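Residues per chain are reported as follows:
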Amino acid sequence: MKFITRYCVYLLPLFALSACETGHETGYNPLNDYTQLDPATIFATPEPLPSSNYSTEQLARGKYMVGLLGCGSCHTDGALVGAPDPARLLAGSDTGIAYTSPFIDDNPGVVYPRNLTPDMETGLGTWTMSRLVDMIRVGTVDHSGRSIPVMPWPAFASITTEDAFSIAAYLKSLRPVRHQVPANVNPGQKAKAPFVHFGVYQTIQ
Ligand code: HEC
């Protein structure tokens, strides 16, 4: 049973229906459980508050970089499902992203893009600048050296220290928005909040 389910999935998308019709789960199509969405393509970046710690140039550079690198595509609530919430720009997403395949595992691992505004309890308020710069460059969340899934930090790893610092300065200068995102879900646990899945699939010849 399990084998046949996987067999169907691996053959997606070209042969899914014909392969499934020969199995126990006649007509089963895993995509039936999902809705096609158009994620947002424009990522608004809020104006930072005036800061005595960072220069106007640093903040402008940080704002530019955050827009260019599309941090809001994940970290703005609603952006992943095509309806970014202007009151929660960069303040975290209630929609998560599955990092194991929901077509193979009914309960995939899910991470929720965090609140990047400097709210003390729900955001980056307590983060030091060096922790934030490290996070952007090497994707570590804590001092145990754990690298986070999904966030495309390897694509940012060649960023200059100045640019990473500008991003951190900009995020630290945003108006704090109080918004607690749902807790991450380990593979095998059932997610209570919605999630999307990005996948790259190849046809089997
Ligand atoms: C493809 C989606 C995606 C993009 C784009 C993205 N992130 Fe993330 N980010 C995430 C996810 C998901 C997490 C949470 C991962 C986890 O908890 O394991 C995260 C976590 C973080 C954290 C850790 C926050 C915390 O409280 O633990 C920071 C800081 C961060 N991202 C900054 C950025 C910045 C800056 C950018 C743009 C340069 C960016 N992210 C772009 C998905 C993304």
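Procedures and definitions
- Residues numbered from 1 in each chain as written.
- Predicted model: local features only at pLDDT ≥ 70, side-chain atom pairs only at ≥ 80, totals over all residues.
- Heavy atoms only, no water.
- Helix = DSSP H or I, 4+ residues; strand = E, 2+ residues; numbered from the N terminus.
- Expected span 1.5 Å × (residues − 1).
- Buried < 20%, exposed > 50% of the residue type's maximum accessible area, 1.4 Å probe, protein only.
- Contact = heavy atoms within 4.5 Å.
- Arc of directions from axis to C-beta.
- pLDDT = per-residue confidence, 0-100.
- Donors = N, O, S within 2.8 Å, 3.2 Å for Na, K, Ca; no water.
- Tetrahedral: all angles 85-135°; square planar, octahedral: opposite > 155°, others 65-115°.
- Axes fitted to C-alpha atoms, helices over the stretch in contact; angles between N-to-C directions.
- Parallel < 35°, antiparallel > 145°, perpendicular 65-115°, else oblique.
- Left-handed = near helix turned anticlockwise from the far one by under 90°.
- Nonpolar A, V, L, I, M, F, W, Y, C, P; charged D, E, K, R; others polar.
- Polar contact = N/O pair within 3.5 Å; in protein donor to acceptor, adjacent residues only side chain to side chain.
- Near = heavy atom within 4 Å.

The first and last C-alpha atoms of helix 7 (residues 161-172) sit 16 Å apart over 12 residues, in line with the 16 Å expected at 1.5 Å per residue. Inspection of helix 7 places Asp 163, Ala 164, Ser 166, Ile 167, Ala 168, Ala 169, Tyr 170 and Leu 171 among the buried residues, and these make up the whole buried set. At its buried positions, helix 7 is contacted by helix 3 (56-68) and helix 5 (129-138).

Our focus in this paragraph is the environment of Gly 188. Looking at the secondary structure, you find Gly 188 in the loop between helix 7 and strand 3 (195-197). Through-space distance from the C-alpha of Gly 188 to that of Pro 108 is 6.2 Å; in sequence the pair is 80 residues apart. Discounting chain neighbours no more than four positions away, the residues touching Gly 188 are Asp 105 and Asn 107.

Here the focus is helix 5. When helix 5 is considered as a whole, its buried residues turn out to be Met 129, Leu 132, Val 133, Met 135 and Ile 136. The buried residues of helix 5 occupy one face: seen down the axis, they fall within an arc of 155°. Structurally, helix 5 contributes buried residues whose contacts are with helix 6 (153-156) and helix 7. Gly 139, located one to two residues past helix 5, shows a positive phi value of around 70°.

Attention now moves to the confidence of the model for the chain. Mean pLDDT over the chain: 85, with 86% of residues reaching 70 or higher. Contacts of residues 1-24 to residues separated by more than four positions or lying in other chains number 30 contacts, the stretch itself having pLDDT below 50.

Turning our eyes to something else, we now look at the coordination of the iron atom of the ligand. Protein-derived ligands of the iron atom of the ligand are His 75 (NE2) and Met 151 (SD), with the metal-ligand distances lying across 2.0 to 2.2 Å. Every donor counted, the 6 donor atoms about the iron atom of the ligand form angles of 81 to 179° at the centre, which fits octahedral coordination. With His 75 in helix 4 (residues 72-75) and Met 151 in the loop between helix 5 and helix 6, this residue pair connects regions lying 76 residues apart in the sequence. Here His 75 falls in the buried class, since its relative accessible area comes to 11%.

Taken N-terminus to C-terminus, the directions of helix 5 and helix 7 make an angle of 120°; their axes are 9 Å apart at the nearest point. The angle between helix 5 and helix 7 falls in the class oblique. Two packed elements cross with a definite hand, and for helix 5 against helix 7 that hand is right-handed. The residues of helix 7 that touch helix 5, namely those facing Met 129, Leu 132, Val 133, Ile 136 and Arg 137, are Thr 161, Ala 164, Phe 165, Ile 167, Ala 168, Ala 169 and Lys 172. Taken together, the residues that form the contact of helix 5 with helix 7 break down as 9 nonpolar, 1 polar and 2 charged.

Right, let's talk about the environment of Arg 137 for a bit. Inspection of the secondary structure assignment puts Arg 137 in helix 5. Spatially, the C-alpha atom of Arg 137 lies 9.1 Å from that of Thr 160, the residues being 23 residues apart in sequence. When neighbours within four sequence positions are excluded, Arg 137 is seen to be in contact with Trp 153, Ala 157, Ile 159, Thr 161 and Ala 164. There is a polar contact of 3.0 Å between the side chain of Arg 137 and the side chain of Thr 161.

So, about the site of the ligand. The environment of the ligand is formed by 24 residues, the closest being Cys 71, Cys 74, His 75, Arg 114 and Met 151. Contact distances for the ligand include 2.8 Å between a nitrogen atom and a side-chain N or O atom of His 75. Within the side chain of Asn 184, one N or O atom sits 2.8 Å away from an oxygen atom of the ligand. Breaking the shell around the ligand down by element, the ones donating at least two residues are helix 4, helix 5 and helix 7. In terms of residues, the shell around the ligand owes the most to one element, helix 4, which gives 3 residues.

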